[in-house]
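Fold and geometry: a report
Letter by letter, the chains look like this.
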Amino acid sequence: EAFHFCKRAGFPALVRPSYVLSGAAMRVVASNEELERFLRTAAVVSRDYPVVISKYISGAKEVELDAIGRNGELVNYAIAEHVEN
């Protein structure tokens, strides 16, 4: 399924174990060979611990929205841009 997704969505792709949200266990892969290497060596991969693969968009900005509501109405919010490098 991993190779099928990458063939359909294209490379680069972001690959991570399902139990990881971010950090060193994540990889951006650019080919079937890199994906295979990640799946074989970088993480515990099984039916209990599958991987999550997302299309990686080069040059995109990552933003986060946090909001607080009360009785179905927006009370306050904050938008933050993740700055790297």
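The structure under discussion appears in the preceding block.
Our subject in this report is the structure included herewith.

Analysis parameters
- Residues numbered from 1 in each chain as written.
- Predicted model: local features only at pLDDT ≥ 70, side-chain atom pairs only at ≥ 80, totals over all residues.
- Heavy atoms only, no water.
- Helix = DSSP H or I, 4+ residues; strand = E, 2+ residues; numbered from the N terminus.
- Polar contact = N/O pair within 3.5 Å; in protein donor to acceptor, adjacent residues only side chain to side chain.
- Pairing = 2+ DSSP bridges.
- Axes fitted to C-alpha atoms, helices over the stretch in contact; angles between N-to-C directions.
- Contact = heavy atoms within 4.5 Å.

**Quick look at the side chain of S31**
- For S31, the position within the fold is in the loop between β2 (27-29) and α2 (32-41).
- Looking at S31, its side chain comes within polar contact range of the main-chain nitrogen of E34, at 3.1 Å.

**Overview of the sheet that holds strand β1 (residues 13-17)**
- Taking strand neighbours across the sheet as the criterion, the 3 strands line up as β2-β1-β3 in an open arrangement whose pairing is antiparallel. The open sheet terminates on both sides in strands that have one partner only, identified here as β2 and β3 (51-55). When strand polarity is set aside, the average angle formed by the axes of neighbouring strands in this sheet is 30 degrees.
- In this structure, β1 lies alongside β2, joined through 3 bridges in antiparallel fashion. Opposite V15, over in β2, you have R27 as the bridge partner.
- Lying on the sheet, helix α1 (residues 2-9) is in contact with β1 and β3; it crosses β3 at an angle near 5 degrees.

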